[in-house]
2 protein chains.
Amino acid sequence: MSHRVVIIGGGFAGLRAARALRSAPVDVTLIDRRNYHLFQPLLYQVATGSLSPGQIAAPIRAVLGRQKNTRVLMGEVVDFDPAAKRIMLADGAAFEYEYLIVAAGSETSYYGHDVWRPWAPGMKSLEEATNIRHKILYAFEAAERLSDPAERRAWLRFVIVGAGATGVELAGAIGEIARQTLKNDFRSIRPQDAEIILLDGGPRVLTTFPEHLAKKAAQSLASLGVQVKTGVLVKEIDHDGVTVDRHGTMDRLPFKTVIWAGGVTAPPLAGTLASRTKAETGRGGRIKVNPDLTIPNHPNIYVVGDLALADGPNGRPLPGVAQVAMQGGTYAARAIVRTLEGGKPLPPFRYFDKGELAVIGRAAAVANAFGLHLSGFAAWLIWAFVHLTYLVQFRSRITVFVEWAIEDLTFSRGARLITGPSPTDFDFNKEMAGENR
Amino acid sequence: MSHRVVIIGGGFAGLRAARALRSAPVDVTLIDRRNYHLFQPLLYQVATGSLSPGQIAAPIRAVLGRQKNTRVLMGEVVDFDPAAKRIMLADGAAFEYEYLIVAAGSETSYYGHDVWRPWAPGMKSLEEATNIRHKILYAFEAAERLSDPAERRAWLRFVIVGAGATGVELAGAIGEIARQTLKNDFRSIRPQDAEIILLDGGPRVLTTFPEHLAKKAAQSLASLGVQVKTGVLVKEIDHDGVTVDRHGTMDRLPFKTVIWAGGVTAPPLAGTLASRTKAETGRGGRIKVNPDLTIPNHPNIYVVGDLALADGPNGRPLPGVAQVAMQGGTYAARAIVRTLEGGKPLPPFRYFDKGELAVIGRAAAVANAFGLHLSGFAAWLIWAFVHLTYLVQFRSRITVFVEWAIEDLTFSRGARLITGPSPTDFDFNKEMAGENR
């Protein structure tokens with residue numbers, strides 16, 4: 001019988017690991033709570049109505065369907081038994097493994113303020129993205145209906161917390177919606193009057209980018225009407241505003257729409273894994289791993305992707321980005337194959353940093369890639385190329401390209417739908433009071 | 001000041017009415033609970049994972065954005081005051097009109113058994129369609145996880161109630177999913193073993209089509225593995241089965257997935273309108289209208305689309321289909337313009353029946369159009385042409401065409417996503433017990 005490898009998670013890391021095992025003499029079982037792989041870097045485009053969920057998600061079964069040694073299961077892993085080499089699912093099922101690759105990803109962190117979640121959805125799932133789309137588009141509808149200038153203004157104010165790549169891209173896209181997409185669509189309001197406020201506790205946007213590129217990004221944001229407020233700490237979020245601490249001064253911003261791009265943390269499963277394997281956890285609950293991405297004293301358990309806390313070349317932990325996840329997944333698979341073949345162990349995992357990209361509105365971006373620092377259209381071209389290349393499924397590549405081409409020519413957005421969890425109970429009054437959120 | 005026309009509803013009827021008024025000396029206000037126009041005839045393709053919601057829905061604002069005399073509002077009309085020529089919205093706002101066009105559509109009817117709704121979602125909204133997609137795809141995932149043959153069989157049994165065009169198209173698409181799309185995707189189950197059962201109380205499928213075409217459709221369904229059971233009345237639906245009465249014999253079908261394509265009824269707003277205008281209502285709560293589509297004694301209130309009960313050429317009421325709605329909307333708009341111009345009243349509304357189409361799986365359909373009776377690929381070509389032509393937005397036309405082309409070449413489906421209302425609360429056990437539905 002061939003060797004059993006269980007992979008937890010069908011994100012970038014898990015999927016790469018599964019693919020890298022396609023010709024290995026192993027039985028692979030990939031388990032995910034979802035039936036699809038989500039292309040997270042484009043989630044903000046769903047949230048802002050450019051793309052439909054189906055265009056940035058691919059059924060895991062379809063991606064791995066032809067891989068004969070691999071089985072895909074939809075289920076939720078809840079516990080580990082490293083001694084018996086077994087994982088347990090929420091419904092009581094158990095699976096044995098010889099090698100385990102844990103790629104369970106991360107979730108939105110409110111830094112201890114989970115009560116903010118209902119008012120400030122994060123950007124991790126398709127459901128959150130369509131919820132954010134609902135909020136953004138609905139705000140303009142509500143403003144159009146109201147005559148009180150203060151209320152109208154509150155509905156036309158959008159606050160984004162966190163000025164990393166996600167926050168910057170989201171703010172730019174909302175700026176474009178207000179200035180271009182909706183320009184002619186309303187009669188009582190001018191969508192261009194919308195205020196888009198990007199908050200961050202740090203000193204500038206895109207802190208991981210070189211300073212001059214961050215400056216370029218800030219300029220692009222300003223030209224789309226986005227106000228960047230740095231050095232600002234969020235103290236409170238509730239149904240009609242946010243309270244911020246700006247260098248010791250408290251300030252209150254009344255608004256109706258806030259989106260959380262603040263940060264991520266490990267899922268609860270990380271704590272369970274750490275306690276069962278006696279692994280150490282670090283910042284955000286991530287699991288400290290050996291240079292070969294295994295858990296100390298558990299050479300058959302690999303942790304890859306956002307969940308892993310691995311040291312980078314400069315001694316700082318590797319960032320939780322798609323590239324690290326993909327390379328880590330491939331590495332774990334290769335290391336397992338090498339062990340099974342009885343060869344020399346692989347050298348420690350080394351992350352090859354291809355760079356960073358962030359797009360700000362239409363045909364503008366900043367790129368720090370392969371030693372090049374680019375901004376504007378050239379950076380956007382790289383961004384578009386890289387993202388289209390990585391989109392897993394052939395069909396997505398075509399339709400996404402068509403959507404982008406049309407959008408660039410017409411400024412229209414194809415997926416501007418306000419859909420909601422309870423269509424039949426839709427209630428404008430409740431919505432106005434924030435109760436539908 | 002120009003004349004005020006208020007249109008309730010942005011479906012086929014309301015949108016056509018608004019467009020037909022684009023050059024008239026009127027101020028048009030179109031009010032809808034949604035911000036988008038939904039192309040209902042393709043809703044089953046969202047439910048079966050071929051298309052994404054964004055591809056069959058267009059923002060009403062985008063469609064009417066360039067029409068300077070028209071304002072679009074998102075809101076829910078709850079009452080009428082015909083004496084004051086005023087309508088009232090749920091949030092207390094009121095709008096005055098000189099002419100009113102009521103095109104509020106229809107909703108799913110469970111024929112008095114609304115308790116069945118949680119188990120048997122209908123096919124009227126995007127939310128219902130994505131919910132159905134979740135149910136269909138999840139059923140295969142659950143079956144893959146189970147070892148008990150009886151349980152597995154129950155999960156692989158799909159029941160569709162109602163063998164009109166929607167039910168037939170849905171059953172055909174599920175047959176195709178089981179036989180083609182998912183063919184290679186599972187390891188423990190054979191998706192081809194899924195049972196798809198199409199129930200109807202009438203004597204045959206597609207009762208509005210000529211008998212020989214209905215027979216062709218039944219053959220196409222059979223070739224996709226769909227079992228058609230006619231003359232069957234549904235007596236009870238609950239969380240794990242349906243009880244049917246077949247010519248007096250009670251029968252119980254255990255299953256996990258049922259979809260309701262049984263029929264429609266007028267929304268509650270119809271009752272309010274009838275009581276305020278003393279209008280008569282007929283079957284399904286539809287409002288009886290004059291030959292010119294106005295309500296008796298209210299020459300300035302038009303009722304069009306599914307909500308109207310108008311006599312057809314053969315004395316039977318006109319069917320609740322998109323064509324009747326579109327033609328009715330245009331007629332009402334023209335009648336208003338004629339009155340404002342002081343011209344001779346329009347002759348009574350006459351429905352020009354262009355025929356009927358139903359598609360069964362890949363590249364097969366039946367068509368009863370322009371006096372021609374077609375089936376197979378020729379009918380499918382007409383179907384594809386008609387539907388692409390009618391899709392309101394340019395961009396939808398392109399991407400839908402691309403999706404269909406890829407699907408026809410590869411049998412894959414681009415939007416096979418299991419999304420749900422409460423992702424973070426996803427619970428396999430609950431799902432198995434039907435509690436997540």
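Residues numbered from 1 in each chain as written. Chains lettered and ligands numbered in written order. Predicted model: local features only at pLDDT ≥ 70, side-chain atom pairs only at ≥ 80, totals over all residues. Heavy atoms only, no water.

**Some remarks on the overall build of chain A**
Counting secondary structure elements, chain A contains twelve helices and 25 strands. When burial is assessed residue by residue, chain A has 57% of its 437 residues classed as buried. Restricting the contact set of chain A to residue pairs at least 6 apart, pairs at least 24 apart contribute 63%. When the accessible surface of chain A is split by element, carbon and sulfur atoms take 52% of a total near 17700 Å². (Helix = DSSP H or I, 4+ residues; strand = E, 2+ residues; numbered from the N terminus. Buried < 20%, exposed > 50% of the residue type's maximum accessible area, 1.4 Å probe, protein only. Contact = heavy atoms within 4.5 Å. Areas by Shrake-Rupley, 256 points an atom, 1.4 Å probe, with all protein chains shown as cover.)

**A word on the sheet that holds strand S14 (residues 232-238) of chain A**
Residues and elements named next belong to chain A. Strand order across the open sheet formed by three strands is S14-S15-S16, with antiparallel pairing between neighbours. Of all strands in the sheet, those bounded by a partner on one side alone are S14 and strand S16 (249-254). When strand polarity is set aside, the average angle formed by the axes of neighbouring strands in this sheet is 25°. The pairing of S14 with strand S15 (residues 241-246) spans six bridges and is classified as antiparallel. Along S15, the bridge assignment pairs Glu236 with Thr243. (Pairing = 2+ DSSP bridges. Axes fitted to C-alpha atoms, helices over the stretch in contact; angles between N-to-C directions.)

**A word on the sheet that holds strand S12 (residues 195-199) of chain A**
Residues and elements named next belong to chain A. If you trace the four strands from one edge of the open sheet to the other, you get S13-S12-S11-S17, paired in parallel fashion. Whereas interior strands pair on both sides, the edge strands pair on one side only; in this sheet they are strand S13 (226-229) and strand S17 (257-260). The sheet shows a mean angle of 20° between the axes of neighbouring strands, direction not considered. Bridging between strand S11 (residues 157-161) and S17 involves four bridges; their strand directions are parallel. Counterpart to Ile160 in the pairing with S17 is Ile259. Running over the sheet, helix H4 (residues 126-145) touches S11 and S17 and is turned about 155° from S17.

**Brief notes about the packing of helix H1 (residues 12-20) of chain B against helix H9 (residues 322-341) of chain B**
Residues and elements named next belong to chain B. Close contact between H1 and H9 brings their axes to 7 Å; oriented N to C, the two are set at 30°. The crossing of H1 and H9 is right-handed. The residues of H9 that touch H1, namely those facing Phe12, Ala13, Arg16, Ala17 and Ala20, are Ala322, Ala325, Met326, Gly329, Thr330 and Ala333. Taken together, the residues of the contact of H1 with H9 break down into eight nonpolar, two polar and one charged. (Left-handed = near helix turned anticlockwise from the far one by under 90°. Nonpolar A, V, L, I, M, F, W, Y, C, P; charged D, E, K, R; others polar.)

**Some words on the environment of Leu233 of chain B**
All names here are of chain B. Mapped onto the fold, Leu233 is located in strand S14 (residues 232-238). Spatially, the C-alpha atoms of Leu233 and Val289 are 32 Å apart, while their sequence positions differ by 56 residues. Not counting residues up to four positions away in its chain, the partners in contact with Leu233 are Gly201, Thr243, Val244 and Asp245.

**Structural notes on helix H1 (residues 12-20) of chain A**
Within H1 of chain A, the full set of buried residues consists of Phe12, Ala13, Gly14, Leu15, Ala17 and Ala18 of chain A. Contacts from the buried residues of H1 of chain A go to strand S1 (3-8), strand S2 (26-32), strand S3 (36-38), helix H3 (60-64), strand S9 (99-102) and helix H9 (322-341) of chain A.

**Considering the side chain of His37 of chain A**
Looking at where His37 of chain A falls in the secondary structure, it is placed in strand S3. Of note is the side chain of His37 of chain A, whose polar atom sits 2.9 Å from the backbone oxygen of Gly10 of chain A. (Polar contact = N/O pair within 3.5 Å; in protein donor to acceptor, adjacent residues only side chain to side chain.)

**With respect to the pattern of salt bridges**
The tally for this structure, following the rule as stated, stands at 25 salt bridges over all chains. Residue Asp238 of chain B pairs with Arg252 of chain B through a salt bridge whose shortest N-O separation is 3.0 Å. Of this pair, Asp238 of chain B sits in strand S14 while Arg252 of chain B sits in strand S16 (residues 249-254), and the two are 14 residues apart along the sequence. On the basis of relative accessibility, which here comes to 24%, the residue Asp238 of chain B falls in the partly exposed class. Between Asp240 of chain B and Arg252 of chain B there is a salt bridge; the shortest N-O distance is 3.1 Å. One end of the pair, Asp240 of chain B, is in the loop between S14 and strand S15 (241-246); the other, Arg252 of chain B, is in strand S16, and twelve residues separate them in sequence. Via salt bridges that share partners, Arg153, Arg157 and Glu195 of chain A belong to a single interconnected network. (Salt bridge = Lys/Arg side-chain N within 4 Å of Asp/Glu carboxyl O.)

**Describing the pairing of S16 of chain B**
All names here are of chain B. Pairing between S15 and S16: six bridges, direction antiparallel. Residue pairing in the sheet places Val242 in a bridge with Leu253 of S16. Between S15 and S16, which pair antiparallel and follow one another directly, the connecting turn spans two residues, one of which, His247, has a positive phi of 50°.

**With respect to the packing of aromatic side chains**
By the definition in use, this model includes 20 aromatic pairs over all chains. Taking the centre distance of 5.4 Å and the plane angle of 65° together, the rings of Tyr331 of chain A and Phe349 of chain A count as edge-to-face. Pair noted here: Tyr331 of chain A is in helix H9 and Phe349 of chain A is in the loop between H9 and strand S23 (355-359), with a separation of 18 residues, a long-range link. Given a relative accessible area of 13%, Phe349 of chain A falls into the buried group. On the numbers, 6.2 Å between centres and 35° between planes, the contact of Phe140 of chain B with Phe186 of chain B is tilted. Highlighted residues: Phe140 of chain B in helix H4 (residues 126-145) and Phe186 of chain B in the loop between helix H6 (165-181) and strand S12 (195-199), separated in sequence by 46 residues. Phe186 of chain B shares its class with Phe140 of chain B; the two are buried. Pairwise contacts between aromatic rings join Tyr110, Tyr111, Trp116 and Trp260 of chain A into one cluster. (Phe/Tyr/Trp six-rings, centres within 6.5 Å; stacked < 30°, edge-to-face > 60°.)

**Some thoughts on the environment of Ala47 of chain A**
All names here are of chain A. By secondary structure assignment, the location of Ala47 is in helix H2 (residues 43-47). Classification of Ala47 as buried rests on a relative accessible area of 1%. Spatially, the C-alpha atoms of Ala47 and Pro319 are 24 Å apart, while their sequence positions differ by 272 residues. Ignoring any residue separated from it by four or fewer positions in sequence, one finds Ala47 in contact with Met123, Ala129, Ile132, Arg133, Ile136 and Leu170.

**Description of the environment of Pro149 of chain B**
Structurally, Pro149 of chain B can be placed in helix H5 (residues 149-155). Taking the C-alpha atoms as reference points, Pro149 of chain B and Ala214 of chain B, 65 residues apart in sequence, are found 35 Å from one another.

**Some points on helix H7 (residues 211-223) of chain B**
Residues and elements named next belong to chain B. Along its 13 residues, H7 runs 19 Å from first to last C-alpha, staying within 8% of the 18 Å computed at 1.5 Å per residue. For H7, every residue scored as buried is listed here: Leu213, Ala214, Ala217 and Leu221. Each buried residue of H7 lies within a common arc of 100° when the element is viewed along its axis, so the set occupies one face. Facing away from the buried surface of H7 by more than 90 degrees, the exposed residues are Glu211, Lys215 and Ser223. Turning to H7, the residues buried within the fold contact H6, S12, strand S13 (226-229), strand S24 (365-369) and strand S25 (372-376). One or two positions beyond H7, positive phi appears at Gly225, with a value near 85°. (Expected span 1.5 Å × (residues − 1). Arc of directions from axis to C-beta.)

**As for unusual backbone geometry**
The general pattern is negative phi for most residues beyond glycine and trans for most peptide bonds. Unusually for a residue other than glycine, Lys85 of chain A sits at a positive phi of about 50°. Here Lys85 of chain A is to be found in the loop between strand S6 (77-81) and strand S7 (86-89). With a phi angle near 45°, Leu206 of chain B is a residue other than glycine that sits in the positive phi range. Leu206 of chain B sits in the buried class, given a relative accessible area of 1%.

**Structural notes on the confidence of the model for chain A**
Residue-level pLDDT values for chain A average 87, and 89% of them are 70 or greater. Low pLDDT, under 50, characterises residues 421-437 of chain A; the predicted model gives this stretch 37 contacts beyond four residues in sequence or across chains. (pLDDT = per-residue confidence, 0-100.)

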